[in-house]
Each structure stands twice: as structure tokens, then as C-alpha cells.
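# Coordinates in review
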Amino acid sequence: MALVKPYLDVPGTTIFDADQARLGYHLNQFCMSLMKADNRARFKRDERAYLDEWPMSEEQKLAVLARDLNRCIALGGNIYFLAKIGATDGKSFQQMAGSMTGMSEAEYRDMMINGGRSIVGNRYVGEKR
Amino acid sequence: MARISASVYTSHVPAIGAALDQGKSGEPYWQKVFSGYEKSKQWIKANPPDVVFLVYNDHANAFSLDLIPTFAIGCAAEFQPADEGWGPRPVPMVRGHPELAAHIAQSVIQDDFDLTIANKMDVDHGLTVPLSLMFGQPPADDFRWPCAVIPFAVNVVQYPVPSGRRCYQLGRAIRRAVDSFDQPLNVQIWGTGGMSHQLQGPRAGLINREFDRDFLDRLIADPAALASMPHIDYVREAGSEGIELVMWLIARGAMNDKPPRVVHRFYHVPASNTAVGHLILENQE
């Protein structure tokens with residue numbers, strides 16, 4: 001019998017559950033490796049060569065190279081792990097979060113200052129606003 | 001005998017730590033956050049704990065995907081601030097209370113809660129930001145936190161996280177454990193994380209003031225009913241990272257059964273991506 005996943009109809013949201021964690025295991029462990037300064041330096045020197053040391057899928061590697069965080073998450077990445085790439089690039093959490101919304105950095109920051117993204121219309125996929 | 005005298009609840013946003021560490025706390029953006037903790041700093045000076053039992057979550061720093069303990073109690077004599085990729089926060093080493101921690105571990109495990117015991121564990125912003133908010137930045141000539149801290153890490157990163165009900169009942173077991181410790185210690189329990197926020201995907205930036213207000217009201221007045229709220233309600237209403245709020249139920253469960261005295265309540269949007277919520281509740285004897 002399949003597991004119950006009541007969170008699949010939440011819009012714009014991927015829950016990092018056991019299946020996602022399995023899919024993204026090597027991607028996330030690669031991210032963890034960036035907590036060491038030596039590894040950050042090696043990654044920066046030749047990103048592709050560093051990624052090739054990990055048994056990640058080609059799709060995952062391309063998503064990391066493109067810094068496409070939405071794609072990374074779809075492929076099993078988790079934001080707290082992916083944040084290590086952001087730290088390596090000198091990006092803040094707000095810059096990383098904003099990059100997934102299709103908004104500019106300034107637009108996202110202003111949205112937050114003005115109270116954040118409204119819950120209205122954002123509870124269910126396909127919900128009318 | 002040891003006693004839990006009060007509980008403190010606060011968000012633990014990493015940008016708050018960065019603002020403090022980089023001397024930005026006077027900026028208007030951050031003043032709106034820090035002003036909510038002025039009263040708290042005065043209160044804790046007047047009511048200094050011997051030990052803080054600090055419920056928080058690790059954010060892929062001490063724990064990678066190698067090991068994912070649902071509940072981990074820090075039993076070491078000291079814990080170092082973690083390097084989260086930006087360098088460790090320039091805050092003091094965290095002094096533990098191995099004797100009380102070991103006592104709580106033994107008591108709570110015998111009470112059917114299967115804790116993981118951590119004797120070596122770095123602590124990230126989830127633990128150090130609340131300390132900074134409540135105690136301020138320790139001065140250079142006396143560079144230490146003013147009390148011992150027992151870190152209690154909860155998995156809220158890989159789903160499923162523990163249920164609200166489990167967290168609330170665990171809090172009650174922690175209270176029984178503290179009550180049976182044979183030293184006259186003033187213990188506070190802190191629940192951290194939240195409030196509404198989402199850090200990932202096209203819905204990132206979600207904030208839900210009504211949910212947060214209702215959560216604070218019910219946490220004070222009717223925590224047992226609040227504890228029955230299913231995970232999906234947190235995710236849908238408070239954002240994927242809003243699920244951190246289950247940790248507040250551990251602290252609330254450790255309070256006694258009388259209505260608590262509300263010492264302080266504060267709410268502000270935003271700190272970076274997050275709604276900041278803060279409560280101080282004292283036990284009534």
C-alpha cells in the first residue's frame with residue numbers, strides 16, 4: 001500500500017520526504033562537502049570536475065552548474081543542503097529563496113518587507129485567487 | 001530539587017545572527033526585530049536560569065544525511081558553534097550540563113521516548129541565535145554565555161518530522177525528568193524556530209499572520225488541542241519550514257498544568273524570509 005502524502009497539492013512546494021531524500025542523497029552529500037574550505041576551493045577551481053567525483057545524475061550536475069535551485073529540489077535537493085552552494089557563492093538565504101520565485105532580488109526583498117507572500121490563493125494547486 | 005520555572009519561544013533566523021555579528025543591529029530594518037527582545041533581556045537578567053534546555057533543529061550542519069536522529073539530547077560538557085559555510089558565528093562555546101542531561105536522557109528513555117544521545121555535536125544558528133537574542137552579545141572581557149545549556153535537536157528537515165502530539169508528550173516527560181533531579185537548579189526550557197516561513201520553491205516568502213496569531217493564542221491557552229494539529233496544516237498554512245513550530249510544543253508540554261503567566265509576547269514580519277514570533281511564559285506555582 002502506498003504511503004499517504006497529503007502535501008502533494010500544496011502549490012510551489014516540495015516536501016523533502018524519504019523518497020526525495022533517497023533521490024537526492026548524493027546531491028545533498030555533495031553540498032555538505034562544501035562546508036570544508038579546501039573543498040570549496042576545489043569546487044570553485046573546476047566545478048564540473050568536482051561534481052564528477054560524486055555519483056550524482058547528469059541532470060543533478062547540470063542543475064547545480066546552472067544554480068537552478070528549483071530543479072535541484074525537484075531532483076531531491078533540500079534547501080538547507082543547497083544553502084552550502086549559496087554560501088560558497090557568497091549568497092544569503094534571502095537571495096537563494098528569492099531566486100526560486102521568478103522575482104528579482106529587489107522585488108522579493110520588498111515583498112518580504114511588505115508582509116511576505118499572502119496565503120490567499122496559495123493553499124491548493126489550482127485554487128482561485 | 002530542580003524545577004522548570006519558565007519557557008521561552010523564539011524564531012531562530014540565521015540572518016538575525018549575521019546582523020548581530022556584523023554590527024547591523026542598529027539599522028532600522030533590524031531595530032524592529034531587536035526591539036521586541038529588550039524586555040526579554042531585562043526579564044532574563046532578573047530571572048537568571050542555571051540551565052537552559054534548548055529545543056532547536058540542526059540545519060544540515062551537525063547532521064548530514066549520514067544520520068538523522070528524530071530527537072537528540074546533547075550530553076557533552078561543551079559544544080562548539082558550527083561553521084555553516086559562512087564561518088562559525090563569533091559567539092562563545094556553549095557549556096553543557098552533562099549531569100542533568102544524562103539524568104534527563106535516562107528518565108525520558110525509560111518513559112518510552114527513544115532519544116539519541118549526542119556526546120559530540122556542533123551547534124548551529126538554531127541554538128546560538130536564541131542565546132544571542134535573549135542574552136545579547138557577551139562582552140569581550142567576559143566572553144561566555146551566562147548559564148549552562150542542554151542542546152536538544154529535533155529533526156524537522158527530513159519529513160516526516162515528529163508529530164505535534166509526540167512533541168507535546170515528550171515535553172511532559174522532560175518535565176517529570178527535571179522534577180526528579182536532586183539538585184536545586186532553576187531550569188528554563190526554550191522552544192525555537194518558526195513562525196510561518198517557506199525557503200524553497202515558487203511559494204518561497206510565504207507568511208501567514210492569522211495562522212501565527214492563532215498559534216500563539218492556542219499555545220498559551222490550549223496547547224493540548226493545538227498539539228493535535230496535523231503536519232499538513234503547518235505545511236499548507238505556515239509554509240514548508242513553518243513545520244519547525246512543532247518544537248514549541250515540546251517546551252510548552254514541559255510547563256505545569258496551571259495557566260501560565262504571559263510575561264511577554266512579540267510578533268514581527270519580516271526577518272529575512274521569516275515571521276518572527278516570541279513568547280515568555282512563567283509557570284504559576
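Let me begin by describing the structure that accompanies this report. Since the model is a prediction, treat every value here as computed from it, not as a measurement.

Here we come to unusual backbone geometry. Residue and element names in this part refer to chain B. Put simply, tyrosine 159 and proline 160 share a cis peptide bond, and its omega is 0 degrees. Here proline 160 is to be found in the loop between strand 7 (148-154) and helix 6 (164-179). A cis amide bond links glycine 194 to the next residue, methionine 195, at an omega of -5 degrees. Note that methionine 195 resides in the loop between strand 8 (186-192) and helix 7 (209-221).

Our next topic: the interface of chain A and chain B. Facing the 48 residues of chain A at the interface are 39 residues of chain B. Across the chain A to chain B interface the summed buried area is about 3,900 Å²; carbon plus sulfur atoms make up 60%. Inspection of the chain A/chain B interface yields two salt bridges. Here Arg123(A) makes a salt bridge to Glu237(B), at a shortest N to O gap of 2.8 Å. For the pair chain A and chain B, the number of links is 25 residue pairs in polar contact (both at pLDDT 80 or more). Those elements giving two or more residues to the side of chain A that touches chain B turn out to be helix 1 (18-23), helix 2 (25-33), helix 6 (69-74), helix 7 (79-89), helix 8 (93-99) and helix 9 (105-113) of chain A.

So, about the environment of Thr14(A). Take Thr14(A): it is sitting in the segment before helix 1. For the pair Thr14(A) and Asn70(A), spaced 56 residues apart in the sequence, the C-alpha separation amounts to 9.3 Å. With residues near it in sequence (within four places) discarded, Thr14(A) still touches Gln20(A), Ile73(A) and Gln200(B).

All names here are of chain B. Turning to helix 3 (residues 38-46), its buried residues are Ser40, Trp43 and Ile44. Considered in projection along helix 3, the buried side chains sweep an arc of 95 degrees and stay on one side of the axis. Residues of helix 3 that are exposed and point over 90 degrees away from its buried face: Gln42, Lys45 and Ala46. Summarising the contacts, the buried residues of helix 3 are in contact with strand 1 (3-10), helix 5 (125-135), strand 8, strand 9 (261-271) and strand 10 (274-282).

A few words on the sheet that holds strand 10 of chain B. All names here are of chain B. In space, the eight strands of this open sheet follow the order 6-3-7-2-8-1-10-9, with mixed pairing throughout. Edge positions in the open sheet fall to strand 6 (116-118) and strand 9, since each of these has one partner strand only. Between one strand axis and the next, the sheet turns through 20 degrees on average, direction left out of account. Bridge analysis of strand 1 against strand 8 gives seven bridges, and the strand direction is parallel. Paired with threonine 10 across the bridge in strand 8 is threonine 192. Taken strand by strand, helix 4 (residues 98-110) contacts strand 2 (51-56), strand 3 (71-74), strand 6, strand 7 and strand 8, and its axis lies near 150 degrees from that of strand 3.

We now examine the nonpolar core. All names here are of chain B. Grouped together as the largest cluster of nonpolar side chains are 70 residues, with contacts concentrated most on Phe152 and Phe215. Top element by residues in this core is helix 6. It accounts for seven residues. Among the nonpolar cores identified, the runner-up in size contains 41 residues, and Trp43, Phe79, Ala118 and Val129 belong to it.

Calculation criteria
- Residues numbered from 1 in each chain as written.
- Chains lettered and ligands numbered in written order.
- Predicted model: local features only at pLDDT ≥ 70, side-chain atom pairs only at ≥ 80, totals over all residues.
- Heavy atoms only, no water.
- Helix = DSSP H or I, 4+ residues; strand = E, 2+ residues; numbered from the N terminus.
- Contact = heavy atoms within 4.5 Å.
- Buried area = accessible area lost by both parts, 1.4 Å probe.
- Salt bridge = Lys/Arg side-chain N within 4 Å of Asp/Glu carboxyl O.
- Polar contact = N/O pair within 3.5 Å; in protein donor to acceptor, adjacent residues only side chain to side chain.
- Buried < 20%, exposed > 50% of the residue type's maximum accessible area, 1.4 Å probe, protein only.
- Arc of directions from axis to C-beta.
- Pairing = 2+ DSSP bridges.
- Axes fitted to C-alpha atoms, helices over the stretch in contact; angles between N-to-C directions.
- Core = buried A, V, L, I, M, F, W, Y, C linked by side-chain atoms within 4.5 Å.

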